[in-house]
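Chain residues, written in single-letter form:
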Amino acid sequence: MPSERDRREIPAAPDLDHQAGAALTAASAAATIDAATGAVGAHATLPGVLSDVPVAVLVIDQKNSAVTYANTAAVELAGNVALPVDVDTWGAAAGLTDLGGAPLASSSGPLSTVAQGRPVAGEAVRLAPGRSTEQRRADADDGRNDQLLWVTGFPLSQAGSDQQLALVVFLQLEPAEQAADPEAYLQALRERAVLATDITFTITDPREPGNPLVWVNPSFTRVTGYEHDEAVGRNCRFLQGPKTDPAAVDGIRAAIADRRTHTTTLLNYRKDGTAFWNQLSISPVFDGAGTLVSFVGVQTDVTERVRVEAEREAAFAAEQSARQEAELARSIAEQARSDAEQAQVDAEQAQGRLALMAEATSALIATLDMDELLDRLAALCVPRLADWVFLTLVDEYGEVRGTTGRHRDGRPEDLGRIAVHARHLPPRSPSRRSIAGSRSVLLADLTREQVHEIIDDPEVEAAFLRLGGASVLTVPMVARRRTLGAMALVMGTGGRRFGRDEVELAEDLAARAALAMDNVRLYQQEHTVAETLQRSLLPELPEIPGLETAAHYVSASTAADVGGDFYDLLPLPDGSVGIAVGDVVGHDVAAAAAMGHLRGVLRAVVWEAEDRDPGVALARVDRLVQGLQVASLATIVYARAVPPETPGAPWRLHVANAGHPPMLLRMPSGGVRLVDGATGLLVGVDAGTHRETISLDVPVGSTLVAYTDGLIERSGQDMDQGIHELCERLAAAPVDAPPRDLCDAAVAGALDHRDDVALIAVRFG
């Protein structure tokens, strides 16, 4: 990491150390650190912004000098070398040598240096895969240069950590013309390293006011149009514009405040005013004493994805058009007697395939349950495509997380043995090969020797032979560039074999199934987030002496079980109790987030307020909401209940209202009255408005009911009529009905579910 002086004096045309340092620091920050345990795993994940760029990245375990992780570009260098593997073996597999052609398998090589815990600021090496040392030296004598790589490395783990990991980054270079002066030759390589990648790297200094940029690489200028001197010294918010998502900006601010790694995609603007989608990953960098010294940003222009998606749609349309033309051609061919029979057969086959695909699409998208989706997929495959099928699902690390199978004759016991074996698939198995390579594997005529080689468990091998397997086809299930698993189709010994047509059909079906599976995965993730958010925003009511309480919540959102309505019950320091119900404009996760902020502001105000008057509390909430821009508009009714000094005496209730439907008070006799003397403007309209507070005595045994407008609003019906019907439902309940029964009675009417409903009932004892 540059010193304070270095950081202040970075030139407009940075040298290699700055470029390599930026690339290295950004990549090293990509390791995912578990904040709870402090562990950095060998399966550390790189941020999405680096996943598909031509920068090779390795993670090295310093304890045993072994490569434990390689990204896609690194795999392309060395091939699919089984990990973990020691650094010398990996370097030999990649064909790495020093500039003189000598192998790197020594303690002085850059990989070994990083494995020993020492950083490598930058070193040029040659890449000559698949050739001997003598061949490489002979080529060098003949003037033939190999590919050049620039190697940088940095330790990932802090001192004293249980795991000691380091990271290595390879940048591809164009060979420099050999110079008589070795230093001049090395400098030429450095200059090429600066331009070796289109990734944008930036460094900011959080110790300076505004956390300004102190360095950007040349790619920053190519992507944004801003020169080095125009960017350095400014906060990178100058890239934002009118359509930049504030939520994405808030996420970046929060990550910087929390000193943690963060990845997001947001709309930025170039110097000429054109917009582009920018995928950004920021990471904090600490010095040896644990002091935050800088933030490193890695950015990629992902606007191209839009173009790629358009090309995919065009390709799909072209495919549909080609199919229609083929159908027309077959119709014409049917008129010719000599081709009539063959044309009929072709038409039937095409119709069967289209019918299967249509059935598959409708069946697979009709469920959001993963187990049911897999069962439907298996039913589509057996017996139409195969005698039996086995589906293997993997997680993002390639570990098997689920299996299911179906045989035309049932055979659950043998399928169960196959399922156990699938948990530990060897690399040579067809399913594992399809998953690893994202390609189909066809064993048209499966021999007994191949079965024995693939399955190393005698019992599982016997179960496979009992199920019958003469021909095997495995296809990967890939959606949105992620491999979700593999579909293994097996033909028995009845004579049928898989051919090219079956492979194409299976690949088409697997692609549709993978997309449906990924949709289920995304839905389940969103549902989990919604449930977590709802639990955090609507906690269980606290137990307060003298009170019996119940609450009810129903969301109007079809996407997530959260909304903008809330209720709250808060025991206050002076012994009184705060009761509130509010409604933030909106019916989605965004409204729920705003509601959470509003509820927190309300709690803070009523807890710390010296003046306990509810009208004063709502006025302060209004000022804070508008000042902090917590929510656009919201209604709140807030009551402060003061317990009696003597047992059996009435409670004293103070109520203020900000544009919310009035509270209801169910008397001990069962009658219901409106608490309608308190009125006022909505929160968010006028921060200077004053809201009146009304006070009344509440007899012991009375129940206060507060609710949101979703409970009383009906299409084409006046709100007063809805309140009247709610009063009737509450009055019709038994006299001694507890708050829970009163909540059930309140929502017993026909809700139209166009708005959220929040409801709280408090009985005073």
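Residues numbered from 1 in each chain as written. Predicted model: local features only at pLDDT ≥ 70, side-chain atom pairs only at ≥ 80, totals over all residues. Heavy atoms only, no water.

Per an unreviewed UniProt entry, the chain goes by PAS domain S-box-containing protein and derives from Blastococcus jejuensis.

This paragraph deals with the nonpolar core. Side chains that are nonpolar tend, in soluble globular proteins, to be buried together. Core analysis: the biggest nonpolar cluster contains 36 residues, and Leu377, Cys381, Met487, Leu489 and Leu509 have the highest contact counts within it. Only helix H12 (337–364), helix H13 (370–381), strand E13 (388–394), strand E16 (471–479), strand E17 (482–491) and helix H18 (500–537) provide two or more residues apiece to this core. The element that contributes the greatest number of residues to this core is H18, accounting for 10 residues. With sequence-adjacent residues up to four places away left out, Met487 is seen in contact with Leu377, Cys381, Val389, Phe390, Leu391, Leu473, Thr474, Val475, Met477, Ala506, Leu509 and Ala510. Leu547, Leu569, Val655 and Ala706 belong to the second-largest nonpolar core, a separate cluster that totals 27 residues. (Core = buried A, V, L, I, M, F, W, Y, C linked by side-chain atoms within 4.5 Å. Buried < 20%, exposed > 50% of the residue type's maximum accessible area, 1.4 Å probe, protein only. Helix = DSSP H or I, 4+ residues; strand = E, 2+ residues; numbered from the N terminus. Contact = heavy atoms within 4.5 Å.)

It is worth spelling out helix H22 (residues 739–746) at this point. Among the residues of H22, Pro739, Leu742, Cys743, Ala745 and Ala746 are the ones counted as buried. Take H22 and look down its axis: the buried residues cluster within an arc of 160°, on one side only. Residues of H22 that are buried in the fold lie against strand E18 (547–554), strand E23 (663–666), strand E26 (703–707), helix H21 (719–731) and strand E27 (757–764). (Arc of directions from axis to C-beta.)

In this section: the sheet that holds strand E20 (residues 577–584). Spatially, the five strands line up as an open sheet ordered E19-E20-E21-E22-E25, and their pairing is antiparallel. Looking at which strands have only one partner, the edges of the open sheet turn out to be strand E19 (565–571) and strand E25 (693–698). The average angle at which neighbouring strand axes cross in this sheet is 15°, direction not considered. Lying on the sheet, helix H19 (residues 589–608) is in contact with E19, E20 and strand E21 (634–642); it crosses E19 at an angle near 25°. Lying on the sheet, helix H20 (residues 614–628) is in contact with E21, strand E22 (651–658) and E25; it crosses E22 at an angle near 30°. (Pairing = 2+ DSSP bridges. Axes fitted to C-alpha atoms, helices over the stretch in contact; angles between N-to-C directions.)

Between its first and last C-alpha atoms H19 spans 29 Å; for 20 residues at 1.5 Å apiece the expected length is 28 Å, and the two agree. Buried residues of H19: Ala591, Ala592, Ala594, Met595, Leu598, Arg599, Val601, Leu602, Val605 and Val606, and no others. (Expected span 1.5 Å × (residues − 1).)

The full count for this structure, using the stated rule, is four aromatic pairs. With centroids separated by 4.8 Å and ring planes inclined at 75°, the aromatic side chains of Tyr226 and Phe238 adopt a geometry described as edge-to-face. Taken together, the residues span a long stretch of sequence, with Tyr226 in the loop between helix H8 (218–224) and helix H9 (228–231) and Phe238 in the loop between H9 and helix H10 (246–258) at a distance of 12 residues. (Phe/Tyr/Trp six-rings, centres within 6.5 Å; stacked < 30°, edge-to-face > 60°.)

Of all residues in the chain, 79% attain a pLDDT of 70 or more, and the chain-wide mean is 80. Segment residues 1–49 is flagged for pLDDT under 50; beyond a separation of four residues in sequence, or across chains, it makes 105 contacts in the model. (pLDDT = per-residue confidence, 0-100.)

This next bit is on the pattern of salt bridges. Two side chains of opposite charge can pair, provided their charged atoms sit close to one another. In total, this model carries 27 salt bridges according to the counting rule given. For Glu372, the salt bridge identified is with Arg376, shortest N-O distance 2.6 Å. Of this pair, Glu372 and Arg376 both sit in helix H13, four residues apart, which is roughly one turn of that helix. Its relative accessible area of 34% is what places Glu372 among the partly exposed residues. The partly exposed category is assigned to Arg376, whose relative accessible area is 26%. The shortest N-O distance in the salt bridge between Arg652 and Asp697 comes to 2.9 Å. On the criterion of sequence distance, the pair formed by Arg652 in strand E22 and Asp697 in strand E25 is long-range, its members being 45 residues apart. Taking the relative accessible area as the measure of exposure, Arg652 reaches 33% and is therefore partly exposed. With relative accessibility at 46%, the residue Asp697 sits in the partly exposed group. A single salt-bridge network, built from bridges that share partners, covers Glu319, Arg323, Asp508 and Arg512. (Salt bridge = Lys/Arg side-chain N within 4 Å of Asp/Glu carboxyl O.)

Judged by side-chain polarity, Val585, Leu633, Leu681 and Val685 come together as a nonpolar surface patch covering roughly 320 Å² of accessible area. With respect to the helices, strands and loops of the structure, Leu633 is situated in the loop between H20 and E21. (Patch = residues over 30% accessible without salt bridge, like charges linked within 9 Å, V, L, I, M, F, W, Y side chains within 5 Å. Areas by Shrake-Rupley, 256 points an atom, 1.4 Å probe, with all protein chains shown as cover.)

So, on to the sheet that holds strand E11 (residues 275–286). Ordered in space as E9-E8-E12-E11-E10, the five strands form an open sheet in which the pairing is antiparallel. Taken across any chain shown, the strands that pair with only one partner, and hence form the sheet edges, are strand E9 (213–216) and strand E10 (262–269). Between one strand axis and the next, the sheet turns by 30° as a mean value, whatever way the strands run. Sheet analysis places strand E8 (residues 200–204) next to strand E12 (residues 292–301), joined by five bridges and oriented antiparallel. Of the residues in E12, the one forming a bridge with Thr200 is Gln299. Across the face of the sheet, H10 comes into contact with E10, E11 and E12 while running at roughly 135° to E10.

Glycine aside, a negative phi is what most residues show, and trans is what most peptide bonds show. The omega torsion of the bond from Leu83 to Pro84 falls at 0°, within 30 degrees of zero and hence cis. With respect to the secondary-structure elements, Pro84 resides in the loop between helix H3 (72–78) and strand E3 (85–86). With omega at 5°, the peptide bond leading from Val382 into Pro383 counts as cis. Turning to its location among the elements, Pro383 is positioned in the loop between H13 and E13. You will see that Ser65, though not glycine, has its phi angle at about 50°, which is positive. If you trace the backbone, Ser65 turns up in the loop between strand E1 (56–61) and strand E2 (66–70).

Helix-helix packing is characterised by the crossing angle of the two axes and by the distance between the axes. Packing of helix H14 (residues 412–422) against helix H17 (residues 458–467) brings their axes to within 9 Å, and their N-to-C directions diverge by 135°. Considered as vectors, H14 and H17 are oriented oblique to each other. Between H14 and H17 lies a crossing of left-handed hand. On H17, the residues that touch Asp414, Leu415, Arg417, Ile418 and His421 of H14 are Glu459, Val460, Ala463, Phe464, Arg466 and Leu467. For the contact of H14 with H17, a count of residues per class yields six nonpolar, one polar and four charged. (Parallel < 35°, antiparallel > 145°, perpendicular 65-115°, else oblique. Left-handed = near helix turned anticlockwise from the far one by under 90°. Nonpolar A, V, L, I, M, F, W, Y, C, P; charged D, E, K, R; others polar.)

This part is about the pairing of E16. With eight of nine residues buried, E16 is to be regarded as a mostly interior element. Pairing between strand E15 (residues 441–443) and E16: three bridges, direction antiparallel. Each residue of the ladder has a partner; that of Leu443, found in E16, is Val472. When E16 meets E17, the two strands line up antiparallel, connected through nine bridges. Of the residues in E17, the one forming a bridge with Val475 is Met487. In sequence, E16 turns back onto E17 through a hairpin of two residues, with Arg480 there showing a positive phi of about 50°.

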